Amino acid sequence: MDLIDRMKDIASRIPKQMEYTQTEEATKNAFIMPFISALGYDVFNPLEVIPEYNADIGTKKGEKVDYAIKKDGEIIILIECKWSGADLHKQHASQLYRYFSVTSARFAILTNGIEYEFYSDIDETNKMDSKPFFVFNMLHFEDHQINELKKFTNSAFSLEDILTTASTLKYAGAIKKILEEELKNPSEAFVRFITNQVYDGRLTQPVIEQFTKIVKDARSQFINERINERLKTALSANQSESTTEEDDKSEEADDDSGERDGVETTQEETDGYNVVKAILREVVDVSRVTMRDTKSYCGILLDDNNRKPICRLRFNTSQKYLGLFSGKNEERVELECIDDIFKYADRVQAVISEYEGNGSAAVQE
């Protein structure tokens with residue numbers, strides 16, 4: 001199982017287990033230990049993952065960090081844990097800061113089992129930075145973040161490789177936050193920067209005040225235009241649904257006859273298939289869940305049977321849709337990202353219940 005599958009499997013359990021992880025220890029057992037294990041470290045081997053690692057600091061004895069990960073005889077990562085409901089933005093990493101300087105670790109993680117903040121000593125060697133260079137959220141992550149996370153796996157860990165990209169990640173993340181804030185509440189400096197691009201006169205205070213409103217209005221118009229474009233795309237897709245059933249029959253017939261020329265399964269379709277398998281793991285043997293790709297959609301089936309569609313990944317346009325089934329009727333829902341499929345976990349699982357509990361529920365060809 002690839003790292004993204006392991007992370008999605010853990011993520012699928014979080015909503016169901018959150019109410020039972022009200023303590024730090026429960027959070028460790030339910031979320032954090034599986035995360036460490038997913039990175040390829042043996043949580044039951046104290047030579048590799050050391051719980052309650054002693055990190056005495058000067059005259060202060062008995063200082064312990066929740067986990068220390070060891071590789072080739074050296075401590076490489078320190079992990080400080082909080083309970084699942086803890087707000088990491090309000091939790092100071094002061095304990096990690098103290099531990100960092102007395103161990104050989106170049107990386108430290110502060111986590112509540114859902115969000116993982118990765119720290120290093122980019123600004124000053126052997127002194128942990130005050131801000132993380134990488135933040136990974138189990139419930140909201142992108143494929144490119146998985147690629148960064150892979151660098152911390154046991155098999156791929158390379159101090160030089162991570163440090164090479166850590167600085168870029170840190171500052172790129174900071175820039176994105178600044179841009180987000182400027183779009184919400186443009187500062188005078190930002191307004192001056194924009195105004196300089198379009199206004200030839202002198203930037204007096206009245207002009208700045210005038211353009212502050214113009215910048216805010218332009219921002220709102222820009223966002224609304226983007227939303228309208230998305231709505232038009234969705235409307236166009238809905239208008240074409242009336243022809244979907246006949247098209248699907250033709251495509252399925254082609255698939256049954258082996259005519260798959262020009263069909264190429266994309267990485268996004270594979271990722272979507274893996275998400276669906278993670279969702280179904282609790283209700284059915286996932287070896288029964290198969291994928292058949294066609295020119296218009298990627299079908300996910302039970303027992304490789306066209307009469308038992310579980311869902312359809314319609315990823316062949318700029319706007320991605322998930323096709324959900326109730327009986328033989330398909331409903332298309334819009335996806336912002338692949339992980340949005342988890343939002344419809346109950347409906348995807350319900351299809352299995354229909355087929356397993358009532359054979360007549362299968363879609364007729």
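To be clear, the structure that these remarks concern was listed above.
This write-up is about the structure you can find in this document. (Residues numbered from 1 in each chain as written. Predicted model: local features only at pLDDT ≥ 70, side-chain atom pairs only at ≥ 80, totals over all residues. Heavy atoms only, no water.)

Things to note about the side chain of asparagine 137
Within the secondary structure, asparagine 137 sits in strand 6 (residues 134-137). One polar contact links the side chain of asparagine 137 to the main-chain amide nitrogen of leucine 139, over a distance of 2.8 Å. Here asparagine 137 is in contact with Ile114 and Glu115, once residues within four sequence places are set aside. (Helix = DSSP H or I, 4+ residues; strand = E, 2+ residues; numbered from the N terminus. Polar contact = N/O pair within 3.5 Å; in protein donor to acceptor, adjacent residues only side chain to side chain. Contact = heavy atoms within 4.5 Å.)

Topic: the sheet that holds strand 8 (residues 298-302)
Strand order in this open sheet of five strands is 7-8-9-10-11, and the pairing throughout is antiparallel. What marks the edges here is a single partner per strand, and that holds for strand 7 (289-293) and strand 11 (329-335). The average angle at which neighbouring strand axes cross in this sheet is 25°, direction not considered. Alignment of strand 9 (residues 309-314) against strand 10 (residues 320-326), held across four bridges, turns out to be antiparallel. Directly across from arginine 314, in strand 10, lies its bridge partner tyrosine 321. The strands touched by helix 10 (residues 345-357) are strand 8, strand 9, strand 10 and strand 11; relative to strand 9, the strand with the most contacts, the crossing angle is about 145°. (Pairing = 2+ DSSP bridges. Axes fitted to C-alpha atoms, helices over the stretch in contact; angles between N-to-C directions.)

Some words on the environment of methionine 1
Residue placement: methionine 1 occurs in the segment before helix 1 (3-17). Classification of methionine 1 by relative accessible area gives exposed; the value is 55%. Sequence separation between methionine 1 and alanine 38 is 37 residues; the distance between their C-alpha atoms is 9.6 Å. In this structure, methionine 1 is in contact with Arg6 and Arg281, ignoring residues within four places of it in sequence. (Buried < 20%, exposed > 50% of the residue type's maximum accessible area, 1.4 Å probe, protein only.)

A look at a nonpolar patch on the surface
Residues Phe222, Ile223, Ile227 and Leu231 make up a contiguous nonpolar surface patch of about 390 Å² in total accessible area. One can find isoleucine 223 in helix 7 (residues 205-239). (Patch = residues over 30% accessible without salt bridge, like charges linked within 9 Å, V, L, I, M, F, W, Y side chains within 5 Å. Areas by Shrake-Rupley, 256 points an atom, 1.4 Å probe, with all protein chains shown as cover. Salt bridge = Lys/Arg side-chain N within 4 Å of Asp/Glu carboxyl O.)

Concerning the pattern of salt bridges
Tallying each qualifying case throughout the model produces 26 salt bridges. With a shortest N-O distance of 3.8 Å, lysine 82 and glutamate 80 are connected by a salt bridge. Assigned by exposure class, lysine 82 and glutamate 80 land together as buried. The structure contains a network of salt bridges with shared partners spanning Glu24, Glu25, Lys28, Glu52 and Asp66.

Considerations on the packing of aromatic side chains
For the structure on display, the rule yields 11 aromatic pairs. Ring centres 6.1 Å apart and planes at 85° place the aromatic pair phenylalanine 107 and phenylalanine 157 in the edge-to-face group. Taken together, the residues span a long stretch of sequence, with phenylalanine 107 in strand 4 (residues 107-111) and phenylalanine 157 in the loop between helix 4 (143-150) and helix 5 (159-184) at a distance of 50 residues. When sorted by exposure, phenylalanine 107 lands in the same class as phenylalanine 157, which is buried. Where phenylalanine 118 meets phenylalanine 134, the ring centres are 5.3 Å apart and the plane angle is 45°; that geometry is what we call tilted. (Phe/Tyr/Trp six-rings, centres within 6.5 Å; stacked < 30°, edge-to-face > 60°.)

What about the environment of phenylalanine 190?
For phenylalanine 190, the location among the structural elements is in helix 6 (residues 188-198). Non-local contacts of phenylalanine 190, meaning those with residues more than four positions away in its chain, are made with Glu182 and Val215.

Observations regarding the nonpolar core
With 39 residues, the main nonpolar core has Met7, Phe118 and Phe136 as its most contacted residues. Ignoring anything within four residues of it in the chain, the contact list for phenylalanine 118 reads Phe35, Ala108, Ile109, Pro132, Phe133, Phe134, Phe136, Leu149 and Phe152. Of all hydrophobic cores here, the second largest spans 27 residues; its members include Ile300, Phe315, Leu322 and Val333. (Core = buried A, V, L, I, M, F, W, Y, C linked by side-chain atoms within 4.5 Å.)

Looking at the pairing of strand 10
It is a general feature of regular strands that their side chains alternate between the two faces of the sheet. Among the seven residues of strand 10, six are classified as buried, and the element is accordingly described as predominantly covered. Hairpin connection of strand 9 to strand 10: five residues between the antiparallel strands. Hairpin connection from strand 10 to strand 11: two residues lie between these consecutive antiparallel strands, with glycine 327 at a positive phi of about 65°.

A closer look at the environment of aspartate 143
Assignment of secondary structure puts aspartate 143 in helix 4. Taking the C-alpha atoms as reference points, aspartate 143 and aspartate 339, separated by 196 residues in sequence, lie 9.7 Å from one another. Look past the residues within four positions of aspartate 143 in its chain and what remains in contact with it is Ile4 and Asp271.

A short note on the layout of surface pockets
One number sums up the size of the largest pocket: a volume of about 860 Å³. Along the walls of the largest pocket sit 29 residues, with Pro132, Val135, Gly173, Ala174 and Lys177 positioned nearest its centre. Of all the secondary-structure elements, those providing two or more residues to the lining of the largest pocket are helix 3 (94-100), strand 5 (115-119), strand 6, helix 4 and helix 5. The greatest single-element share of the lining of the largest pocket, amounting to 10 residues, is contributed by helix 5. In this model, the second largest pocket occupies a volume close to 510 Å³. (1 Å grid on protein atoms, 1.4 Å probe; cavity = no way out; pocket = protein on both sides within 12 Å on 5 of 7 lines; lining within 4 Å. Points joined across faces, edges and corners; volume = space filled by probe spheres on them.)

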